[in-house]
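Breakdown of the fold
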2 protein chains.
Amino acid sequence: MSVTAAKGFTAAGIAAGIKDSGQPDLALVVNQGPRLAAAGVFTANRVKAAPVLWSQQVLKGGQVSAVVLNSGGANACTGPEGFQDTHATAEKAAQALGHSAAEIAIASTGLIGVRLPMDELLSGIDKAAAELSAHGGEKAAIAIKTTDTVHKTAVAEGDGWTVGGMAKGAGMLAPGLATMLVVLTTDADVDAAGLDTALRSATRTTFDRVDSDGCMSTNDTVLLLASGASGVTPEQDAFAEAVRAVCDDLARQLIGDAEGASKDIRIEVINAATEDDAVEVGRSIARNNLLKCALHGEDPNWGRVLSAIGTTSAAFDPDKLNVAINDVWVCRNGSVGDDRDLVDMRYREVRITADLSAGSETATIWANDLTADYVHENSAYSS
Amino acid sequence: MSVTAAKGFTAAGIAAGIKDSGQPDLALVVNQGPRLAAAGVFTANRVKAAPVLWSQQVLKGGQVSAVVLNSGGANACTGPEGFQDTHATAEKAAQALGHSAAEIAIASTGLIGVRLPMDELLSGIDKAAAELSAHGGEKAAIAIKTTDTVHKTAVAEGDGWTVGGMAKGAGMLAPGLATMLVVLTTDADVDAAGLDTALRSATRTTFDRVDSDGCMSTNDTVLLLASGASGVTPEQDAFAEAVRAVCDDLARQLIGDAEGASKDIRIEVINAATEDDAVEVGRSIARNNLLKCALHGEDPNWGRVLSAIGTTSAAFDPDKLNVAINDVWVCRNGSVGDDRDLVDMRYREVRITADLSAGSETATIWANDLTADYVHENSAYSS
């Protein structure tokens, strides 16, 4: 499982003392080759954390020999000094591992606007390097948790090759603690361009369609590393599908572990004129606080869904909108449909189907409800 | 005060039995002339309630003799039957008042997706017509409340003329109960075009910049009626300023009465390249749930402000962003600024200043915090 499910990778997760709690807070993932190909996607937020700016540069070369990840501090909004801290982290890892710093990606998560405790971080790298193991994937996944209640890993098996991965995130952005971080590894023999194509295709319909609370982190990072250790070069379609499956699995785990959430909301927009329309409508529904509250209260409030659709620029006729909640078509032709009392909302998963009657495109967005626990988690503790 | 502060207007507010609670739920505002000029602005939501569709047609003629407003039901997402209900309401008021139905505006607020109890509504119109009075403004303001804890009125005096108004709304969209409704009246002698110019200018920088919870109603309606009863034609600038002052006063009252809110958040974006940039940034900050939670917890979490700015398309350099919370510049040049412990957040009003360092334009947006009470109000009661 995790990042060491694929051959050619070692990993470690340790407590470096970055977190005051003494919990694990530093992970190392090392590609032992023979190939060092890599691809990455990063937050679209224009305020990017130092490790994102660093790793974007590293990924331009298409080679990553190791990834250093820390929880306990996002190193975001920390100015030139914060960037120097990231650089020093890469240099330290390069020295410990005998690689070039220009091939070492960095990812951080935690408080925004606070410098990292560099003494602890740098000495932690030596400690982690000493513990690297082909069975270290679980420990690495544990070390990147912030408010996550569980660590998150997934794996997909190909014909003689494997894609594995780990993720952290509790909602798109955790309380005072930033971010979704994902590292995927494969022993398939795929070059950087092939990885990039598979990764962008996969994230576009998985992580990019998770919208727990509408908030975009400064640190979001998804990396895919290939060691080539299986010696097998898969068909691009089969490889892309395996990457997508692992991303989808991890994305669902993120939604399932979102802070304070009591419902996982699956929003399927159907019969849209374009896929962009479907995504825009799905996102608007996903972000409607009044709907999120109503679903928390197990109230199948379809009026909120129509209000949300109405704020978009998607093609639709208000009199031809249909909405189902848990498969009961409570709104037909923009007006009252089947009896809302037929909607059973006892379970954690809620399915909203929004039929735009404007075409044949579709998109699915995952969201969470809005709860007093979410407010509490994000207000009661100073960050 | 209210809609009868200006000469030439009568009003009434009564309990028609639309609300199960027996509380007042029907208001009538009548322009006695000599002029019947009017202007209106309506929700930008593409899913519009029947009374909005009706009143938009009425306003095209530039003449409104009376407004019928009801709480207890939004008449939104009710199909062709709902539109017929609105039409019947206008016909009934026309008959009771001796006017043309084509000059009677209608506004509704309450549950979405439920037909109005027409027997109660229509007989209520007779009752309200019988109680019309030049002192009925307060009663009218009370009759349009839904989850509002107080009724909202304002007045501005010109040189021999007056602008008065009433508003309802508790957040942009109340729980299961929709909407901001506003009726402004003046005895100034201004034609429909002059009213329209003044009203659009005023709402653009007042009601349009209130963003309590990011949710846009299907029923929002702001009407301005002129009787000309003062016989005075004011300078357009002075008139526009009076209309703006009344709108601003009412908008602040809406924010102050937002559901479950414990903070009123004033977001001032300064040094933007364009006013549109300033508004986009202000809105993004206003809608960030994590920031809204943090402010509820009296946590001056400027990292959330930067994260929100980073999601916009406004012109800025991340390294030149400055953010003050209650006048303490906690973020300078995109990084840590003055000591956040200096920020005093004990009071209801919180002031966020976001300096984009990209120009000289500015905009102010008002928002509320996100609280467990908001979640409770919008989830605990089925709607």
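The rules behind the values
Residues numbered from 1 in each chain as written. Chains lettered and ligands numbered in written order. Predicted model: local features only at pLDDT ≥ 70, side-chain atom pairs only at ≥ 80, totals over all residues. Heavy atoms only, no water. Helix = DSSP H or I, 4+ residues; strand = E, 2+ residues; numbered from the N terminus. Rg over C-alpha atoms; globule rule 2.2 N^0.38 Å. Lys, Arg positive; Asp, Glu negative; His and termini not counted. Charge placed at Lys NZ, Arg CZ, Asp CG, Glu CD. Buried < 20%, exposed > 50% of the residue type's maximum accessible area, 1.4 Å probe, protein only. Pairing = 2+ DSSP bridges. Contact = heavy atoms within 4.5 Å. Buried area = accessible area lost by both parts, 1.4 Å probe. Salt bridge = Lys/Arg side-chain N within 4 Å of Asp/Glu carboxyl O. Polar contact = N/O pair within 3.5 Å; in protein donor to acceptor, adjacent residues only side chain to side chain. Nonpolar A, V, L, I, M, F, W, Y, C, P; charged D, E, K, R; others polar. Least-squares fit on C-alpha atoms with pLDDT ≥ 70 in both. Axes fitted to C-alpha atoms, helices over the stretch in contact; angles between N-to-C directions. Arc of directions from axis to C-beta. UniProt positions renumbered as here; feature names shortened; annotations may be inferred. Domains from an automatic or database assignment. Core = buried A, V, L, I, M, F, W, Y, C linked by side-chain atoms within 4.5 Å. Phe/Tyr/Trp six-rings, centres within 6.5 Å; stacked < 30°, edge-to-face > 60°. Lys NZ or Arg CZ within 6 Å of the ring centre and 35° of its normal.

Next up on the list: the overall build of chain A. When its secondary structure is counted, chain A shows 10 helices and 15 strands. In terms of C-alpha radius of gyration, chain A reaches 21 Å, essentially the compact-globule figure of 21 Å for 383 residues. Principal-axis analysis of the C-alpha atoms gives chain A an extent of 65 × 50 × 35 Å. Within chain A, one finds 30 positive and 50 negative side-chain charges whose respective centroids are separated by 2 Å.

This part is about the pairing of strand β11 (residues 322-325) of chain A. Residue and element names in this part refer to chain A. Burial of the side chains of β11 extends over both faces: Asn322 and Ala324 are buried on one face and Val323 and Ile325 on the other. Taken together, the four bridges between β11 and strand β14 (residues 349-355) define a ladder with antiparallel strand orientation. The partner of Ile325 across the bridge, within β14, is Ile352. Examined bridge by bridge, β11 and strand β12 (residues 328-332) share two bridges and lie antiparallel to one another. Bridge pairing in β12 places Val323 opposite Cys331. Taking the residues between adjacent antiparallel strands as the criterion, β11 and β12 are bridged by two residues, where Asn326 takes a positive phi near 45°.

A few words now on the interface of chain B and chain A. Tallying the contact residues gives 54 residues for chain B and 55 residues for chain A. Across the chain B/chain A interface, buried area totals approximately 4000 Å², and carbon plus sulfur atoms make up 57% of it. The interface formed by chain B and chain A contains zero salt bridges. Run the count over chain B and chain A and you get 17 residue pairs in polar contact (both at pLDDT 80 or more). Those elements that place two or more of their residues in the side of chain B that touches chain A are α8 (289-296), α9 (302-309), β13 (335-336) and α10 (372-379) of chain B. Looking at the side of chain B that touches chain A residue by residue, the class counts come to 25 nonpolar, 24 polar and five charged.

With that settled, the discussion passes to the relation of the copies chain B and chain A. With an RMSD of 0.0 Å, chain B superimposes on chain A once it is rotated by 180° and translated 0.0 Å along the axis. Taken together, the rotation and translation relating the two chain copies correspond to the operation of a two-fold axis. Closest approach to the rotation axis among the C-alpha atoms of chain B is made by Ala372 of chain B, whose C-alpha sits 2.2 Å away. With an isologous cut-off of 70% or more, the 100% of interface residues of chain B that recur at the interface of chain A puts this contact in the isologous class.

Our next topic: the sheet that holds strand β7 (residues 162-168) of chain A. Note on sheets: strands pair through backbone hydrogen bonds, and any given pair is parallel or antiparallel. All names here are of chain A. Strands sit in the order β3-β9-β8-β7-β6 across an open sheet of five strands; the sheet is mixed. Single-partner strands in this sheet number two, and they are β3 (37-42) and β6 (152-157). Recorded for the sheet is a direction-independent mean angle of 10° between the axes of neighbouring strands.

Turning our eyes to something else, we now look at helix α10 (residues 372-379) of chain A. For α10 of chain A, the full list of buried residues reads Tyr374, Val375, Asn378 and Ser379 of chain A. All buried residues of α10 of chain A fall inside an arc of 110° around its axis, so they share one side. Where the residues of α10 of chain A are buried, they touch α8, α9 and α10 of chain B.

Annotation from UniProt places "active site" (unreviewed entry) at Thr179 of chain A. Relative to the helices and strands, Thr179 of chain A is located in the loop between β7 and β8 (181-186).

This paragraph deals with the domain arrangement of chain A. Residues and elements named next belong to chain A. What the domain assignment reports for chain A is domain 1 (2-256) and domain 2 (264-379). Every contact between the two is made by 14 residues of domain 1 and, on the other side, 18 residues of domain 2. Summed over both partners, the interface of domain 1 with domain 2 comes to about 1400 Å²; 37% of that surface belongs to carbon and sulfur atoms. Considering only the surface of domain 1 that becomes buried against domain 2, Arg209, Asp211 and Ile255 emerge as the three largest contributors, covering 45% of it. The interface formed by domain 1 and domain 2 includes six salt bridges. Residue Arg209 is joined to Glu275 by a salt bridge in which the shortest nitrogen-to-oxygen separation is 2.5 Å. Our count for the contact surface shared by domain 1 and domain 2 stands at nine residue pairs in polar contact (both at pLDDT 80 or more). Among the elements that make up the side of domain 1 that touches domain 2, the one with the highest residue count is helix α6 (residues 236-256) (three residues). Among the residues forming the side of domain 1 that touches domain 2, the class breakdown is four nonpolar, four polar and six charged.

Attention shifts here to the nonpolar core. Where a protein is soluble and globular, its nonpolar side chains tend to be buried together. Judged by nonpolar contacts, the single largest core of 47 residues is most densely connected at Val29, Val67, Leu69 and Met166 of chain B. With five residues, strand β2 (residues 26-31) of chain B is the single largest residue contributor to this core. Not counting chain neighbours up to four residues away, the residues in contact with Val29 of chain B comprise Val3, Phe9, Thr10, Ala11, Ser65, Ala66, Val67, Leu69, Met166, Val183 and Thr185 of chain B. Among the nonpolar cores identified, the runner-up in size contains 46 residues, and Ala12, Ile125, Ala143 and Ile144 of chain A belong to it.

The subject of this paragraph is the sheet that holds strand β10 (residues 264-272) of chain B. Residues and elements named next belong to chain B. Strand order across the open sheet formed by six strands is β13-β12-β11-β14-β10-β15, with mixed pairing between neighbours. This sheet does not close on itself; its edge strands, each paired only once, are β13 and β15 (361-368). Examined bridge by bridge, β10 and β15 share seven bridges and lie antiparallel to one another. If you follow Asp264 over to β15, its bridge partner there is Asn368.

All right, on to the side chain of Thr353 of chain B then. You can see Thr353 of chain B is positioned in strand β14 (residues 349-355). Leave out the neighbours within four places in its chain, and Thr353 of chain B touches Glu268, Ile270, Asn322, Val323, Ala324 and Trp329 of chain B.

So, about the packing of aromatic side chains. On inspection of all chains with the given rule, the structure shows four aromatic pairs over all chains. Summarising the aromatic geometry, the rings of Trp54 of chain A and Phe83 of chain A are spaced 6.2 Å apart at their centres and angled 55° between planes, so their arrangement reads as tilted. Of the two residues, Trp54 of chain A sits in helix α1 (residues 50-60) while Phe83 of chain A sits in helix α2 (residues 79-97), which places them 29 residues apart along the sequence. The class for Trp54 of chain A is buried, based on a relative accessible area of 10%. On the accessibility criterion, Phe83 of chain A (32% relative accessible area) is partly exposed. Over the face of the ring belonging to Trp366 of chain A we find Arg252 of chain A, whose NZ or CZ atom lies 3.9 Å from the ring centre. The side chain of Arg46 of chain B reaches across the aromatic face of Phe316 of chain A, ending 3.9 Å from its centre.

This part is about the side chain of Asp277 of chain A. Structurally, Asp277 of chain A can be placed in helix α7 (residues 275-286). At 7.3 Å, Arg46 of chain B is the nearest oppositely charged side chain to Asp277 of chain A, a buried residue that forms no salt bridge. With sequence-adjacent residues up to four places away left out, Asp277 of chain A is seen in contact with Ala272, Ala314 and Ala315 of chain A.

The subject of this paragraph is the pairing of β14 of chain B. All names here are of chain B. Most of β14 is tucked away: five of the seven residues are buried. Relative to β14, β10 runs parallel, the two being bridged by seven bridges. Pairing of Ile270 across the sheet is with Asp355, part of β14.

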